[in-house]
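Structure at a glance
Chain by chain, the residues:
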Amino acid sequence: GFMSNKLVWFVGLCWTSFIGWNTSSLAQDGEATKWFKGNLHTHSLWSDGDDFPEMIADWYVRHDYQFLALTDHNVLGTDLRWMKYAEVERRGGPEALAKYRARFGADWVQERGTPGTEDHEVALRPLAEFRARVEQPEKFLLIPGEEISDAVGRLPIHLNATNVTEVLSPARGETVREAIANNVRAVADQAQRSGRQILIHLNHPNFGWAVTPEDLAFVAEERFFEIYNGHPSVHQLGDETRPGLELFWDIANTLRIDRFASPPLFGLGTDDSHDYHGVQGATPGRGWIEVRADKLEADTLIAAIQRGDFYASSGVTLRDVSFDRNTRQLRLEIEPQEGVAFTTQFIGTPQDYDRTWPAATDADGRVLTVQERYCPKIGTVFKTETGLTPTYQLTGDELYVRAVVTSTRPHPNPSLENQREQAWTQPVGWEKRLDPR
């Protein structure tokens, strides 16, 4: 392996020294905090999306988001690029350019060549040029991002880097774990050189069945992944041999905390949007994060995410999430909606779970590459509660506890069958196990 247990332990110990937000709603400098809504996974015509980046940003502004990262594959979009109009039309339809002109004006849209011919091209403007057209101080922020699209053989290893300064080439690796670790380290190197906060998270682990819970448990440096991705083709619910992302999260965190003495994964909600001209495909508005911070600024937002002071959502809004490390109580306050009821499950793994499990095999006894035969206590529902102020009192017998709130309201733009709106909080209660001070 690329990392000794001692290094895993050291990484975990360092992180527990400042993870563990509590009931305070004030930032360290005394300023009151608030929740900021944003999406960190979005695609445009710069890679495989079907609309202009400023049109996409405008969609999120109009739908009451406060921040957005445009994260095209292996590109930052720092220079002007010309695209054939035929390709714009093929992806976005015959109205894409007309809508672009109508929103930003004919004087903004740059074209060259003769309409109706093959030499007709449209400019994709860089972020530095268009951000002033959509950003609003303290209301909406664009953050430069990239989807680092790597692979090990045919397995897609995709990680999003948010607040990058320059494009990052896929770092490669002989194994899935090595590839993830190498990309995380490349981002850490850029963060150190640039002096800014850069967030890296693993995208859609079940896409292409590329990443297992064991992989993410082993790579202690990767601390963030997508618990909900709105793309309809990412196997959110798993299959007959591979876990859905809820159980995936619990398996990985049980192994991280108990076996490797490293901090747990934190879960993000994202859109992974590609399609903006209809209701089919990977459309926007399905998943996001709410970050608690004192100002709408990239480094500040990412620092709060690094602390775990955020939650993921596909529609449920939380007024407050608090965990008091002294009383060891986790408490939520849910934003009410007329005619809607909420059920909260407090989920985790008890310390007495069975730590032995056989490799998963098929009907003929052949060993599968994916583990499935875990102790059923992993991902135990410790408590189920209805109402707007659910609480859970930790007993000390839990490795960690997280909460998932499910609404009775159907998701208005579902990526899953019979989907209900939800919110996911980050795991807590693990801190003393890694750092008993």
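Summary of the structure given here. (Residues numbered from 1 in each chain as written. Predicted model: local features only at pLDDT ≥ 70, side-chain atom pairs only at ≥ 80, totals over all residues. Heavy atoms only, no water.)

**Notes on the overall build of the protein**
Within the protein one finds 10 helices and 19 strands. Taken against the 2.2 N^0.38 rule, which gives 22 Å for 437 residues, the C-alpha radius of gyration of the protein at 22 Å falls within 12% of a compact globule. Taken along its principal axes, the extent of the C-alpha atoms in the protein is 70 × 50 × 45 Å. The buried share among the 437 residues of the protein stands at 56%. Summed over its atoms, the accessible surface of the protein is roughly 18,300 Å², and 49% of this surface lies on carbon and sulfur atoms. (Helix = DSSP H or I, 4+ residues; strand = E, 2+ residues; numbered from the N terminus. Rg over C-alpha atoms; globule rule 2.2 N^0.38 Å. Buried < 20%, exposed > 50% of the residue type's maximum accessible area, 1.4 Å probe, protein only. Areas by Shrake-Rupley, 256 points an atom, 1.4 Å probe, with all protein chains shown as cover.)

**Overview of the pattern of salt bridges**
Opposite charge on two side chains allows them to pair when their charged atoms are near. In this structure the tally under the stated criterion is 25 salt bridges. Of the charged contacts in the structure, one is a salt bridge between R62 and D58, with a shortest N-O distance of 3.0 Å. On the criterion of helical spacing, the pair formed by R62 and D58 is a turn pair, its members being four residues apart in helix 2 (residues 53–62). Residue classification places R62 among the exposed residues on the basis of a relative accessible area of 52%. One continuous salt-bridge network, built from bridges that share partners, spans D58, R62 and R103. (Salt bridge = Lys/Arg side-chain N within 4 Å of Asp/Glu carboxyl O.)

**Let's talk about the sheet that holds strand 5 (residues 121–124)**
Strand order in this open sheet of three strands is 3-5-4, and the pairing throughout is antiparallel. Across the chains shown, the open sheet's two edge strands, defined by having one partner strand only, are strand 3 (81–84) and strand 4 (111–112). Note: strand 3 against strand 5, four bridges, orientation antiparallel. Within strand 5, the position partnered with K84 by the bridge is E121. (Pairing = 2+ DSSP bridges.)

**A few points about the sheet that holds strand 13 (residues 318–324)**
Spatial ordering of the open sheet is given by 13-14-17, a layout of three strands whose pairing is antiparallel. Edge positions in the sheet fall to strand 13 and strand 17 (391–393), since each has one partner strand and no second. Between one strand and the next, the sheet's axes are offset by a mean angle of 5°, whatever the strand orientation. Looking at chain direction, strand 13 and strand 14 (residues 329–334) are connected through six bridges and run antiparallel. Its bridge partner lying in strand 14, V321 is registered against L332. (Axes fitted to C-alpha atoms, helices over the stretch in contact; angles between N-to-C directions.)

**Observations concerning the packing of helix 2 against helix 4 (residues 96–104)**
Two elements in contact, helix 2 and helix 4, have axes whose closest approach is 10 Å; the angle formed by their N-to-C orientations is 65°. In terms of crossing hand, the pair formed by helix 2 and helix 4 is left-handed. Contacts from E54, M55 and D58 in helix 2 reach K99, Y100, R103 and F104 in helix 4. For the contact of helix 2 with helix 4, the per-class residue count stands at three nonpolar, no polar and four charged. (Left-handed = near helix turned anticlockwise from the far one by under 90°. Contact = heavy atoms within 4.5 Å. Nonpolar A, V, L, I, M, F, W, Y, C, P; charged D, E, K, R; others polar.)

**Some points on helix 9 (residues 298–307)**
Among the 10 residues that make up helix 9, eight are buried, leaving the element largely enclosed by the rest of the structure. Looking at helix 9, one finds that the buried residues are A298, T300, L301, I302, A303, A304, I305 and Q306. Two to three positions downstream of the cap, the backbone nitrogen of D299 sits 3.3 Å from a side-chain oxygen, assigning the N-cap of helix 9 to E297. Positive backbone phi, approximately 85°, marks G308, located one or two places after helix 9. (Polar contact = N/O pair within 3.5 Å; in protein donor to acceptor, adjacent residues only side chain to side chain.)

**Observations regarding the pairing of strand 10 (residues 266–270)**
Counting buried positions along strand 10 gives five out of five residues, so the element sits mostly inside the fold. Here strand 10 shows two buried faces, one formed by F266, L268 and T270 and the other by G267 and G269. In terms of strand pairing, strand 9 (residues 224–229) meets strand 10 through five bridges, oriented parallel. From the neighbouring strand, F224 faces strand 10, where its bridge partner is F266. This β-α-β element, strand 9 to helix 8 (residues 245–259) to strand 10, shows right-handed connectivity. (Right-handed = clockwise from strand over helix to strand, strands pointing away.)

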